[in-house]
Amino acid sequence: MATRDEYELNETQCQWLKAFMVIYKQASPLIDTIAKLPTEGQPLDRRSLIEAYRSFGPLLKSLKGMPKPTHKELRNIKNDFKKTLSMCIKAGEMAVKMVDDLGHGYKLASRMHLSSIVGYMGYAGIYHKALLDRLAKNGF
């Protein structure tokens, strides 16, 4: 069993966490919208998906540019967040394609993109929940 000292962060790790939280707080409100699948009868929020597609790329690049943390939990947190952002971006990309298909009257193609969107949103929700659980578990 790990001792409390193993979970305490040194100064470098605290600085890393602060930089991470800046990126996380920028993305968090939009992730909360995307990571929740609409219930039956509710429309898909295409605007949020397209906004994520356009704005999460630079955030993901910043996250990837951060140094790899030495603390295992911080590495896991970074990984979960990278996967969350990636899935949101992919869902947004499919939303752009779906809107384009609908504009050109390609109903079958737009339905195929819709099912991809739902899949990516589902994965984003899973990774986001894992991220939130890790943050809460570690008191971050």
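Since the structure is predicted, the reported quantities are computational estimates derived from the model, not experimental observations.

## With respect to the pattern of salt bridges
Counted by the stated rule, this structure contains 4 salt bridges. For Arg134, the salt bridge goes to Asp80, with nearest N and O atoms at 2.7 Å. Placement of the pair is Arg134 in helix 5 (residues 107-137) and Asp80 in helix 4 (residues 72-103), with a sequence separation of 54 residues. Overall, Arg134 belongs to the partly exposed group, its relative accessible area being 24%.

## Examining the nonpolar core
If you look at the biggest cluster of nonpolar residues, it comprises 35 residues, and the most contacted ones within it are Phe20, Ile31, Phe56, Phe81 and Leu85. Of all the secondary structure elements, the ones that give two or more residues to this core are helix 2 (11-34), helix 3 (46-65), helix 4 and helix 5. Not counting the four nearest positions on each side in its chain, Phe81 is found in contact with Phe20, Ile23, Tyr24, Ala27, Ile31, Leu63 and Leu131.

What counts and what doesn't
- Residues numbered from 1 in each chain as written.
- Predicted model: local features only at pLDDT ≥ 70, side-chain atom pairs only at ≥ 80, totals over all residues.
- Heavy atoms only, no water.
- Salt bridge = Lys/Arg side-chain N within 4 Å of Asp/Glu carboxyl O.
- Helix = DSSP H or I, 4+ residues; strand = E, 2+ residues; numbered from the N terminus.
- Buried < 20%, exposed > 50% of the residue type's maximum accessible area, 1.4 Å probe, protein only.
- Core = buried A, V, L, I, M, F, W, Y, C linked by side-chain atoms within 4.5 Å.
- Contact = heavy atoms within 4.5 Å.

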